[in-house]
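# Secondary and tertiary structure notes
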Amino acid sequence: MTSARTLYEKVWSRHVVVAETEATPGVMYVDLHLVHEVTSPQAFTEIEARGRTVRRPDRTFATLDHSTPTLPAVDGERPYVTAEARSQVERLEANCARHGIDLAGWGSPDRGVVHVMGPELGLTQPGMTVVCGDSHTATHGAFGALAFGIGTSEVGHVLATQCLLQRRSRTMRVTVDGTLAPGVSGKDVALAVIAELGFGGGTGFVIEYAGQAVRSLDMEGRMTLCNMSIEAGARAGMIAPDAVTIDWLRGRKHVPHGAAYEALATEWLALASDAGAVFDQEIVLDGSAIRPMATWGTTPDAGAPIGSPVPQPRSDSDRKALAYMGFEAGGTTTTQAVDVVFIGSCTNGRLPDLRAAAEVLRGRKVDPRVRMLVVPGSEAVRRDAEAEGLHHVFTEAGAEWRIPGCSMCIAMNGDVVGPGQLAVSTSNRNFEGRQGKGARTILASPATAAASAIAGVLTDPRVYLGEVVDA
Amino acid sequence: MEPLKTLTSHTLVLTQANIDTDQIIPARFLTTTETTGLGAKAFYDWRYEADGSPRPEAVLNRIDPAAHRILVAGDNFGCGSSREHAPWALHDYGFRAVVSTSIADIFTSNALKNGLLPVVVDQATWDDLVAHPEQAVTIDLEANELRRGNHAPVPFAVEPFARQCLLDGVDTLGWLLNHTPAIEAFEHARTTEIA
Ligand code: SF4
């Protein structure tokens, strides 16, 4: 019997309103509910049909991101892909106005992809429970929050009660030891972890990421890692708050200032898993062995170091994936012409991501056969990037510089990869058709995406970074 | 929500593993603000050509959904996004149960809230179901077992609360709302703790 507790257990136990029993799940309190236009309209309809209001509009924040155009308005007209997309946005605007919910809408300096915006504004804080009708809500776990995606019915539950029915999860610790090699980013770590766990390997677990390689990541890299937890089936990924976390959040819009902040910070540091805390499963990876990664199949776990041969299929699904992607077992993924490069999304649309891509692109040109789209994750990222002149680096290289949104990550706003086209994308899913019907997606880091845009084929970014390529 | 107690139907088999929510309902159909009518969009890119003409070879275009309430699918079914549009689409198409060797977490939770029962079975049972498509299968939620032909019944587990809600045809929001006093007390205790 040990009293040592994990980070997850500490956060969970602070939010139990009604304890679970064998017959009934527990009632879990939600500190922060993030809302966007795609998964919320039916939830508002549902609670209104029951004559309910939003219990805590002050703990609910909304943004427009999924179906929003990334080209600016012309003569005041937003170029929505369909009238339905426009009406979905208008529904959220009306719902927020009616229920007194803060919306980072058009014209707001805060608007951004929901998982970029929350942390940036300091809405996301260590020890909180954070939910959103979006499976990449795990992103916020990088701050030591318990954050996960919910369905639309549950969005309605949280709107009406600020609570969710939940059972305690099993826990898994993924320790990535060692020092990451130069040119290896949080995205490469994420793809390596998912390749290790397998696509469903995290199902039923909350993952805590630990180890020197994880600690060495900046907050943005940690968010990238936690973001992709769902791609191993885990509902949430978490990292214990440390000095990096506290420095990153200090001074942000929604955190307290001065002494109150420092007092809070002391509490946050105490959230770390106790020495001797027991996890249901432990996985250890050698971080120093991770190389720039890219996927070869149609699931995010089908990843391998760039330049390594495509593995032999182990199942019919693998064979189908290879046929869809047009790759051959034993062959290479680095010789096929790339048609589209996408840099953006809640996985890799933050300032350090854009800097990493710009570092590779500076003074170089995108292959004329490649269409490259750079979409900042939020208005704040756009402002900061433009202040550094990064947008000039992109446009001078031949890329398009867009306004914030999910864009080609989910391809529901009109930004799509064409049928049969091959894309190198910094987003999180390479499913068949994810970026457009028939589109073929390679997932990779921002530096890899930029290198591939220059070369016109999937390329290890270290080629352009003056590093030794040993893969 | 319609109650679901016992269901007997022919199976439709899709053996592919990792059928993700983008296959079940492509993202471009998520601009709807309704929960209904999505059956026409279920597995859309499997069923229709780029120009919208139906693919005659697509099994989902050939069967009578009313006679095929049970979908048998490959491992890790429903992985990917949290979109509840996926179970809405499957239910609207006609399915009432999905049988696989594993089913993604969020999909499971969404499906149970919409009268679509996720059933996880062992590999041998799954292999047999796949080897005999179109057979009549009974899924008995009251007994928590799957029965077919003269095979021994196969037990399956469903989270007990969600199971009861499905058996009774009630949704969970009402139950959660009954806890309002506890929620108020929790919020009150917290404010005093912070102050
Ligand atoms: S960027 Fe992609 S993964 Fe992130 S919230 Fe938008 S659609 Fe979801």
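None of these values were measured; they are calculated from a predicted model.

### Some thoughts on the site of the ligand
Near the ligand the following residues occur: A:His66, A:Val113, A:His115, A:Asp134, A:His136, A:Ser345, A:Cys346, A:Cys406, A:Cys409, A:Ile410, A:Asn428 and A:Arg434. Three or more residues apiece are contributed to the shell around the ligand by two domains, here domain 1 (7-166) and domain 3 (293-464) of chain A.

### Here we look at the confidence of the model for chain B
Mean pLDDT over chain B works out to 93, with 98% of the residues at or above the 70 mark. Here the complex is predicted with pTM 0.95, and the ipTM for its interfaces comes to 0.91.

### Overview of the side chain of A:Gln125
All names here are of chain A. Topologically, glutamine 125 is positioned in the loop between α4 (114-120) and β6 (129-132). Here the side chain of glutamine 125 touches glycine 122 through a polar contact of 3.0 Å, landing on its backbone oxygen. A polar contact of 3.3 Å, which involves the side chain of glutamine 125, links it to the backbone oxygen of histidine 254. Apart from residues lying up to four places away in sequence, glutamine 125 is in contact with Ala145, Leu249, His254, Val255, Leu264 and Trp268.

### A short note on the domain arrangement of chain A
Residue and element names in this part refer to chain A. By the assigned domains, chain A splits into domain 1 (7-166), domain 2 (170-237 + 268-288) and domain 3 (293-464). The C-alpha-based centres of domain 2 and domain 3 are spaced at 23 Å. Every contact between the two is made by 19 residues of domain 2 and, on the other side, 22 residues of domain 3. Together, the buried faces of domain 2 and domain 3 total about 1,600 Å²; carbon and sulfur atoms form 60% of this surface. It is Lys187, Leu191 and Phe199 that lose the most area in domain 2 upon contact with domain 3, and together they represent 32% of the buried surface on that side. Across the contact surface, domain 2 and domain 3 share one salt bridge. Across the salt bridge formed by glutamate 231 and arginine 429, the nearest N and O atoms sit 3.1 Å from each other. Across the contact surface, domain 2 and domain 3 share 10 residue pairs in polar contact (both at pLDDT 80 or more). Within the residue set of the side of domain 2 that touches domain 3, elements represented by two or more residues are α6 (186-197) and α8 (219-227).

### Comments concerning the pairing of strand β2 (residues 70-73) of chain B
All names here are of chain B. Covered by surrounding structure in β2 are Ile70 and Val72 together with Leu71 and Ala73, the residues of both alternating faces. Across four bridges, strand β1 (residues 6-14) lies against β2 in parallel orientation. Bridging across to β2, valine 13 finds its partner in valine 72. Across three bridges, the pairing between β2 and strand β3 (residues 97-100) is parallel. What sits directly across from valine 72, in β3, is valine 99. Remark: the β2/helix α4 (residues 85-93)/β3 crossover connection has right-handed handedness.

What counts, and where the lines are drawn
- Residues numbered from 1 in each chain as written.
- Chains lettered and ligands numbered in written order.
- Predicted model: local features only at pLDDT ≥ 70, side-chain atom pairs only at ≥ 80, totals over all residues.
- Heavy atoms only, no water.
- Near = heavy atom within 4 Å.
- Domains from an automatic or database assignment.
- pLDDT = per-residue confidence, 0-100.
- Helix = DSSP H or I, 4+ residues; strand = E, 2+ residues; numbered from the N terminus.
- Polar contact = N/O pair within 3.5 Å; in protein donor to acceptor, adjacent residues only side chain to side chain.
- Contact = heavy atoms within 4.5 Å.
- Buried area = accessible area lost by both parts, 1.4 Å probe.
- Salt bridge = Lys/Arg side-chain N within 4 Å of Asp/Glu carboxyl O.
- Buried < 20%, exposed > 50% of the residue type's maximum accessible area, 1.4 Å probe, protein only.
- Pairing = 2+ DSSP bridges.
- Right-handed = clockwise from strand over helix to strand, strands pointing away.

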